[in-house]
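The residues making up each chain are set out below.
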Amino acid sequence: MTLQLWIWLMIGLTFSLYIGIAIWSKAGSTKEFYVAGSGVSPLANGMATAADWMSAASFISMAGLISFIGYDGSVYLMGWTGGYVLLALLLAPYLRKFGKFTVPDFIGDRYYSDTARVVAVFCALIISFTYVAGQMRGVGLVFSRYLEVDINTGVVIGMAIVLFYAVLGGMKGITYTQVAQYCVLIFAFMVPAIFISIQMTGNPIPQLGFGSQGSDGIYLLDKLDGLSRDLGFHEYTTGEKSKLDVFFITAALMVGTAGLPHVIVRFFTVKKVSDARKSAGWALLFIAILYTTAPAIAVFARTNLIETVSEKKYDDMPVWFENWEKTGLLTFTDKNKDGVIQYVADPQINELTIDRDIMVMANPEIAELPNWVIALLAAGALAAALSTAAGLLLVISSSISHDLIKKIIKPDVSEKGELIAARVSAFFAVLLAGYFGINPPGFVAAVVALAFGLAAASFFPAIVMGIFYKRMNKEGAISGMVTGLLLMLFYMTKFKFGWFGGGTEADWWFGISPEGFGTFAMLVNFVVSLSVCHLNAKPPQEIQELVENIRIPTIEN
Amino acid sequence: MNKKLAEKYWKENIKYLIILLSIWFTVSFGFGILLIEELNQFKIGGFKLGFWFAQQGSIYVFVILIFIYIILMNRLDKKYNLK
């Protein structure tokens, strides 16, 4: 069978599966639409959370990125997994006990204030929109690369699918499609990794393989360190970033993860508090399978690449090299006209530029794996992008229909009316996301990092103190959230877009990059909240009772 | 549940959190970042130890920590007749 046929088959099969699930799990009430009726099993919720969490970036870009930056890539590995420990221990069980539908629900009720609720809605919308634009773009890219359709056509096809199951099924539809999508994406990620690990080290477990010896008896990592040194790159197993910055970025990603509304809301979908704890455990286990494999793929791909291209004749390059040259993601300019590829760190001499995304995508071709593996990878990348997009769209639609319309603008709206509003806002959210996918604002890459910083700087302190500090009042929480949010926005726009006079790396405060600044803004949020809190009265008695109540799981019959 | 009992439950919960989060901090920020040079002097298989903690070990510990937390809390719930 040809590759094209395999790809159509694989994508056709997975897509009909998602649509079938959507029809089977149509939402009939707002509770089903927002939180899948709170009846999801912990195992299923763990898978759904993992698929929700792992985006096109985790699937396609992360391993490639790590393969170019080596040790520094650890910030993503630790940052995007360590946040689940915070979620499981500090947030999920208590928010489940609180038992409403959204994060602004919690902020608004706990801080007895519609101002707090609106601030929370605003944060949730900014975070989710910046994120979802990137996902739709990812869908478009995968379609265009594998099916040879136009990127925009790809975005439209992706929109149609998401529209169908998000609007029809709400959280219930999304949850069960995400379970299917997790299975597709993890299988698609692991199969090539296992094949390549066997090829390069004889060990079928990639996590062990990249610490093993190659066929020449040299440890793979030692070899890669040596190759990197010879070509003028920094040693693979040591980094270039300052220790302080690595610390701050890791912390910002961890705390940001724990503060992302589309992740938090997943824990509202299980039956009881103990299930919320369990599903956080399952979620991290399922995520860890991909996240511990990614650094192995990074090492395999990097070693393979250097050995295939460095100082080799251009005319002798394998077919995949030519295939990816066509996409423009791999370019060779023979600067010294010797017909040999010089791939080195020095930009004056270097003749090869490689887009980091192709490291995962081209892997099966580089390793000469069969066509069905390549088709599987395409289906996996689509599953990763679609599942994350759907989760984000749900947060957007519930923020509008529940937090704004039901809670603030028109509290007397009927159950049926609210459900229609939820579907309509989901519909418009998909259209808007699609628009950004087709006309991506140039700052998408920059704002995804911003989303984590914003979540860390705004939501995380407000939620944690809402649970662990009974004395925290609305004045403290609101001023903390607003200060954290504005400070983070200021820093990111200053150093990413050149507003407020701009600045370079030399101007960073304490040497902290914009990516790591969320940690700093979060600390400021804590300080401001606590100071303002003590200048104002204690929260009312019934709020203190609410806090006492969410700390203790209900007796289960 | 009366107030005194609820407070006791909460205190035990906090104690678990402090212990588990200290381990969380140690394996990631400690071993994977702050102490990496020191740990990189040791090797397990082809991995420098600090590098292994940063890209593998810390993640395994995170998973184990959550499952330990689940067990501890289930036991605590049982002790206070919440289950």
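Residues numbered from 1 in each chain as written. Chains lettered and ligands numbered in written order. Predicted model: local features only at pLDDT ≥ 70, side-chain atom pairs only at ≥ 80, totals over all residues.

Asks: When you look at the overall build of chain A in this model, what are you seeing that I'm missing?
Replies: In terms of regular secondary structure, chain A is built from 23 helices and two strands. The C-alpha radius of gyration computed for chain A amounts to 24 Å, which stays within 12% of the reference 24 Å derived for 557 residues, consistent with globular compactness. Structurally, chain A occupies a C-alpha span of about 80 × 55 × 45 Å along its principal axes. Evaluated residue by residue, chain A yields a buried proportion of 56% over its 557 residues. Considering only residue pairs separated by 6 or more positions, chain A has 81% of its internal contacts joining residues 24 or more positions apart. (Helix = DSSP H or I, 4+ residues; strand = E, 2+ residues; numbered from the N terminus. Rg over C-alpha atoms; globule rule 2.2 N^0.38 Å. Buried ≥ 20, exposed ≤ 12 C-beta atoms within 10 Å, placed from the backbone. Contact = placed C-beta atoms within 7 Å.)

Asks: What is the right way to read the overall build of chain B from this model?
Replies: In terms of helices and strands, chain B carries three helices and two strands. Taken from N to C terminus, the helices and strands of chain B fall in the order α-α-β-β-α. By residue count, 35% of the 83 residues in chain B fall in the buried class.

Asks: Can you walk me through unusual backbone geometry in this structure?
Replies: Excluding glycine, a negative phi dihedral is what most residues carry, and trans is how most peptide bonds are arranged. All names here are of chain A. One non-glycine residue with positive phi stands out, namely Ala-36, at about 50 degrees. Summarising the element assignment, Ala-36 is placed in the loop between helix H2 (30–35) and helix H3 (42–53). Here the phi dihedral of Ser-38 falls at roughly 50 degrees; this positive angle occurs in a residue that is not glycine. With respect to the element layout, Ser-38 can be found in the loop between H2 and H3. According to the C-beta neighbour criterion, Ser-38 is partly exposed, with 18 such atoms within 10 Å.

Asks: Teacher, can you tell me more about the environment of Thr-303 of chain A here?
Replies: All names here are of chain A. Among the structural elements, Thr-303 can be located in helix H13 (residues 273–309). Along the primary structure Thr-303 and Ser-67 are separated by 236 residues, whereas in three dimensions their C-alpha atoms are 9.0 Å apart. When residues no more than four places from it in sequence are discounted, the contact partners of Thr-303 are Leu-220, Lys-223 and Leu-224.

Asks: I'm lost on the packing of H3 of chain A against H13 of chain A in this one. Help?
Replies: A pair of packed helices is characterised by two quantities: the angle between their axes and the separation of those axes. All names here are of chain A. With their axes 7 Å apart at the nearest point, H3 and H13 run at an angle of 50 degrees to one another. Relative to H13, the element H3 is oriented oblique. Remark: the crossing between H3 and H13 carries right-handed chirality. Only Asp-275, Lys-278, Ser-279, Trp-282, Ala-283, Phe-286 and Ile-287 of H13 make contact with H3, whose side of the interface consists of Pro-42, Leu-43, Asn-45, Gly-46, Met-47, Thr-49, Ala-50 and Trp-53. A per-class count over the contact of H3 with H13 returns nine nonpolar, four polar and two charged. (Axes fitted to C-alpha atoms, helices over the stretch in contact; angles between N-to-C directions. Parallel < 35°, antiparallel > 145°, perpendicular 65-115°, else oblique. Left-handed = near helix turned anticlockwise from the far one by under 90°. Nonpolar A, V, L, I, M, F, W, Y, C, P; charged D, E, K, R; others polar.)

Asks: Help me understand the confidence of the model for chain B, please; the structure alone is not making it clear to me.
Replies: Parts of the model with low pLDDT should not have their predicted coordinates read in detail. For chain B, the average pLDDT comes to 93, and 98% of its residues sit at 70 or higher. Model confidence for the complex: the whole-complex pTM is 0.93, and ipTM, which rates the interface, is 0.96. (pLDDT = per-residue confidence, 0-100.)

Asks: I would appreciate a short explanation of the interface of chain A and chain B in the present structure.
Replies: By convention, interface size is frequently given as the accessible area that disappears when the constituent parts associate. On the chain B side, the residues contacting the 40 residues of chain A number 35 residues. When contributions to the side of chain A that touches chain B are tallied by element, the ones reaching two or more residues are helix H5 (74–98), helix H10 (220–230), helix H11 (243–259), H13 and helix H23 (541–551) of chain A. At 11 residues, the largest contribution of residues to the side of chain A that touches chain B is made by H13 of chain A. Across the side of chain A that touches chain B, the residue classes tally to 21 nonpolar, 12 polar and seven charged.

Asks: Looking at this model, I keep getting lost on helix H21 (residues 474–496) of chain A. Mind explaining?
Replies: An α-helix turns once every 3.6 residues. As a result, residues three or four positions apart point the same way. Here H21 of chain A is 23 residues long and its end C-alpha atoms lie 32 Å apart, about the 33 Å a rise of 1.5 Å per residue gives. Note on H21 of chain A: the residue one or two positions beyond its end, Gly-498 of chain A, has a positive phi of about 75 degrees. (Expected span 1.5 Å × (residues − 1).)

Asks: What is the right way to look at the packing of H10 of chain A against H13 of chain A in this model?
Replies: Residue and element names in this part refer to chain A. At a closest axis distance of 10 Å, the pairing of H10 and H13 adopts a crossing angle of 50 degrees. The orientation of H10 relative to H13 falls into the category oblique. For the element pair H10 and H13, the recorded crossing hand is left-handed. Taking contact as the criterion, the partners of Leu-220, Leu-221, Lys-223, Leu-224 and Leu-227 in H10 are, on H13, Val-299, Arg-302, Thr-303 and Ile-306. Tallied by class, residues from the contact of H10 with H13 come to six nonpolar, one polar and two charged.

Asks: Can you walk me through the nonpolar core in this structure?
Replies: Leu-185, Ala-378 and Leu-393 of chain A together with Ile-66 of chain B are the most contacted members of the largest nonpolar core, which has 214 residues in total. Excluding anything up to four places from it in sequence, Ala-378 of chain A contacts Ile-7, Met-10, Ile-11, Val-142 and Tyr-146 of chain A. (Core = buried A, V, L, I, M, F, W, Y, C linked by C-beta atoms within 7 Å.)

Asks: Please explain the confidence of the model for chain A as it appears in this structure.
Replies: For chain A, per-residue confidence averages 88 on the pLDDT scale, and 98% of positions sit at 70 or higher. At the low end of the mean pLDDT range in chain A sits helix H19 (residues 444–457) of chain A, at 76; at the high end sits helix H22 (residues 517–535) of chain A, at 96.

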